[in-house]
Amino acid sequence: MITGAVGLFARRLITAASSGLGHLLDGQVQLTLRQQVAARLGRVPIGWFSRRRTGELATVVGDVSAPGELASAFVVPLVSLICLFTINLRLTLIPVVLAVALAPLMATPDWSRE
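Every chain begins its residue count from 1, and numbering advances along the sequence as written. Thresholds applied to this predicted model are a pLDDT of at least 70 for local features of residues and 80 or more for the giving and counting of side-chain atom pairs; totals over whole chains, interfaces and linings are not thresholded and use all residues. Calculated side-chain values reflect all of the structure's heavy atoms, with hydrogen atoms and water omitted.

Thoughts on the overall build of the chain
Helix numbers and strand numbers start at the N terminus; a helix is a DSSP run of H or I with at least 4 residues, a strand a run of E with at least 2. The helix and strand inventory of the chain stands at five helices and zero strands. Each helix and strand of the chain, placed in order from N terminus to C terminus, yields the pattern α-α-α-α-α. Out of the 114 residues belonging to the chain, those deemed buried represent 4%. The Shrake-Rupley method, run with a 1.4 Å probe, gives the accessible areas here. Residue values count only the displayed protein chains as cover. Just so you have it, the chain exposes about 9600 Å², and 71% of that area is on carbon and sulfur atoms. Working definition: with a 1.4 Å probe on protein chains only, accessible area under 20% of the residue-type maximum means buried, over 50% means exposed, and in between means partly exposed.

Here you go:
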């Protein structure tokens with residue numbers, strides 16, 4: 001029982017540490033990407049800015065959240081499917097078949113109505 005409690009505590013501690021480290025690294029990557037975008041915008045002719053609205057510029061500089069989102073959107077499901085494939089092929093087919101079957105349904109406007 002004590003071993004299980006220690007294992008659970010260690011798991012929680014390691015999960016919290018990895019999540020914190022992931023957030024720090026994601027923040028650093030986003031900051032670097034934003035600085036690079038801002039540096040490039042500093043070399044753009046002034047006329048380019050006059051043809052754009054403020055919201056467009058904020059979108060260009062502000063929408064640099066791809067690294068963390070890409071990991072959660074693609075890497076985690078892909079690794080999960082690979083793990084399922086190594087355990088049991090039939091287990092792998094269940095989420096794939098459900099995703100293929102439900103994707104067109106979720107794309108319809110009726111899906112979002114309450």
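Things to note about the environment of Trp48
Residue position: Trp48 is located in helix 2 (residues 46-50). Note on contacts: a residue pair is in contact if any heavy atoms of the two residues lie within 4.5 Å. Setting aside residues no more than four positions away along its own chain, Trp48 makes contact with Leu41 and Leu57.

Quick look at the confidence of the model for the chain
On a range of 0 to 100, pLDDT expresses the predictor's confidence in each residue. For the chain, the mean per-residue pLDDT works out to 80, and 87% of the residues sit at or above 70. Ranking the elements of the chain by mean pLDDT puts helix 3 (residues 54-62) last, at 72, and helix 1 (residues 2-42) first, at 86.

A short note on helix 5 (residues 89-106)
For an α-helix the count is 3.6 residues per turn, leaving residues at separations of three or four pointing the same way. An ideal rise of 1.5 Å per residue puts 26 Å on 18 residues; helix 5 measures up with 26 Å between its terminal C-alpha atoms. Polar contact is the term for a pair of N or O atoms within 3.5 Å; when the atoms are in protein, one must be able to donate a hydrogen and the other to accept it, and sequence-neighboring residues count only if both atoms are side-chain atoms. Measuring from the side-chain oxygen of the N-cap residue of helix 5 to the backbone nitrogen of Arg90 gives 3.0 Å; that N-cap residue is Asn88. Under the convention used throughout, the expected extent of a helix is 1.5 Å for every residue step, that is, one less than its residue count.

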